[in-house]
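What the coordinates show
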Amino acid sequence: MFDYCLHIKITHFLMICITITLFLTFFVAYFPLTDECNCPKETELNLLKHSSKQINGRSITNEHRLAVLVPYRNRFEELLEFVPYIDTFLNNQNINHHVFILNQVDSYRFNRASLINVGFRFVKNEYDYIAMHDVDLLPLNPKLSYQYPEKQPFHIASPELHPKYHYPTFVGGILLINREQFIQVNGMSNNYWGWGLEDDEFYVRLKDAKLNVSRPVDIDSGTSDTFRHIHDKNHRKRDMTKCFNQREITRKRDRITGLNNVIYQISAVKNCTIDGAPLTILNIELSCNRKVTPWCDCSDATASNIEKITKTRKKKTKA
Ligand code: UDP
Ligand code: MN
C-alpha cells in the first residue's frame, strides 16, 4: 500500500515536471529571448548624452551634434586663433559642437581629403554632421548658419563670399554635410597629396549623387568682410608641385578610393583647451601606396618626372 502511494506520487511529480517543461518550451518558442528591445541604440544614447551642454551657465540644447573637422599641419598661430573664435561663434548659434584637429604626422605631402575621411570615421558614431573647416578661415558674419544640413550639403564659404575663390563649383573652405550624405558619396578621394583639386573632385561626387549644394542667402556682407582668411602666402606656402603622373590622374573623378579604404593609424588622441575652448587633437599617420599614388612624396622624383609634365603643359598651352 505504502509503495503504491509512493509510486502514484512520483508519477504525479513527473507529470507536473513534464507539463512545466512543455509549457516553458512553447513559451520560449513563441516569445524568443533576444537582445532586441525598444531601448535607444548606442549611437542614439550617445547623441542623447551630448544633446545638452552647459556653456557659461547657459544650457545649449540641440538635437544635432556637429563635429568641426580641421585638416591640419604646422599652422599653430592660426590654430590658437581659430579654436576659441569658432567655439564662441558656434555657442552664439546654439550649436552643439566639438572641434577636432586632424594633425597629419607622417612624412608624406599634406592630404586634406584623407584627413577628413579619417576624422569622419573617428566621430561618426557620436556626431550626425560635420563641417570640413579650414583652420585659417574665420566666419565674421553671424548670419552664416552652421545648423544641421538636413536635405543637402551647405557650403558656407560660398564663391560669392570667399575672399579668394570665386568659381561656381567651389566647395572648399567650409562645407557642412550630414553623416548619411558623406557616407553615401564614400567621403573624399584619397589620391590628393599636396595642394588643390580634392575639393573639386568632391563637388563631382556630390553632383553624381544628385546632392546639390546650397549656400547662404540674404548675407549683407561681401568677399572682403564675410570671412577673415589668415593666410600669408609667403609664410604659408601652398605645395603646388606636381610629380609623376599626378596631374593626369587628379584631373579625373576617382571611383575607387574614399572613406571606406583610407589607410591610416591614429597614434595619439589628446583633449585640451585653448583659452577655455575645448578641442581634441588626433595625430594621424596616413599610409601611401607608392605604386598607386607615387606623388605622395615628390622627393623621389627625378627632375625629369617633374619637368616633363611642366614642359608638356607649356607645349599644350602654346598650341
Ligand atoms: N592645411 C594645413 N597645413 C598645410 C596645408 C593646409 O593645416 O600645410 C590646412 C589648413 O586647415 C588650411 C587648409 O588645409 O586652412 C587649406 O589649405 P590652404 O590654406 O593652403 O589653402 P587655400 O584655401 O588658402 O588655397
Ligand atoms: Mn588658406
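Further up the page is the structure itself.
Residues numbered from 1 in each chain as written. Chains lettered and ligands numbered in written order. Predicted model: local features only at pLDDT ≥ 70, side-chain atom pairs only at ≥ 80, totals over all residues. Heavy atoms only, no water.

**Focus: the packing of aromatic side chains**
This model, assessed by the stated rule, comprises ten aromatic pairs. Centre to centre, the rings of Phe-100 and Tyr-127 are 5.6 Å apart; their planes meet at 85 degrees, and the pair counts as edge-to-face. One end of the pair, Phe-100, is in strand β4 (residues 97-104); the other, Tyr-127, is in the loop between α4 (112-123) and β5 (129-133), and 27 residues separate them in sequence. Just as Phe-100 is buried, Tyr-127 falls in that class too. Considering the side-chain rings of Tyr-167 and Phe-170, the 5.5 Å spacing of their centres and the 65 degrees angle between planes classify their relative orientation as edge-to-face. The structure contains a cluster of three or more aromatic residues connected by ring pairs, namely Tyr-85, Phe-89 and Tyr-146. (Phe/Tyr/Trp six-rings, centres within 6.5 Å; stacked < 30°, edge-to-face > 60°. Helix = DSSP H or I, 4+ residues; strand = E, 2+ residues; numbered from the N terminus. Buried < 20%, exposed > 50% of the residue type's maximum accessible area, 1.4 Å probe, protein only.)

**Some thoughts on α4**
Here α4 spans 17 Å end to end across twelve residues, near enough to the 16 Å set by a 1.5 Å rise per residue. Of the residues making up α4, those classed as buried are Arg-112, Ala-113, Ser-114, Leu-115, Ile-116, Asn-117, Val-118, Gly-119, Phe-120 and Val-123. (Expected span 1.5 Å × (residues − 1).)

**Notes on the site of ligand 1**
Around ligand 1, the structure places 13 residues, and the nearest of them are Pro-71, Arg-73, Asp-136, Tyr-165 and Arg-238. Between an oxygen atom of ligand 1 and a side-chain N or O atom of Arg-75, the distance comes to 3.2 Å. Within the side chain of Arg-238, a nitrogen or oxygen atom sits 2.7 Å from an oxygen atom of ligand 1. Looking at the shell around ligand 1 residue by residue, the class counts come to six nonpolar, two polar and five charged. (Near = heavy atom within 4 Å. Polar contact = N/O pair within 3.5 Å; in protein donor to acceptor, adjacent residues only side chain to side chain. Nonpolar A, V, L, I, M, F, W, Y, C, P; charged D, E, K, R; others polar.)

**Some words on helix α3 (residues 76-92)**
Here α3 is 17 residues long and its end C-alpha atoms lie 25 Å apart, about the 24 Å a rise of 1.5 Å per residue gives. Buried residues of α3: Glu-78, Leu-79, Phe-82, Val-83, Pro-84, Ile-86, Asp-87, Phe-89, Leu-90 and Asn-91, and no others. Looking one or two residues past α3, Asn-94 carries a phi angle of roughly 65 degrees, positive in sign.

**Some details on the sheet that holds strand β7 (residues 154-155)**
Across the sheet, which stays open at both edges, the seven strands sit in the order β7-β8-β5-β3-β4-β11-β10 with mixed pairing between neighbours. Edge positions in the sheet fall to β7 and β10 (264-274), since each has one partner strand and no second. As judged from the seven bridges shared by strand β3 (residues 66-72) and β4, these two strands associate in the parallel manner. Counterpart to Leu-69 in the pairing with β4 is Phe-100. Contacting β3, β4, β5, β10 and β11 (277-286), α4 crosses the sheet at an angle of about 145 degrees to β3. (Pairing = 2+ DSSP bridges. Contact = heavy atoms within 4.5 Å. Axes fitted to C-alpha atoms, helices over the stretch in contact; angles between N-to-C directions.)

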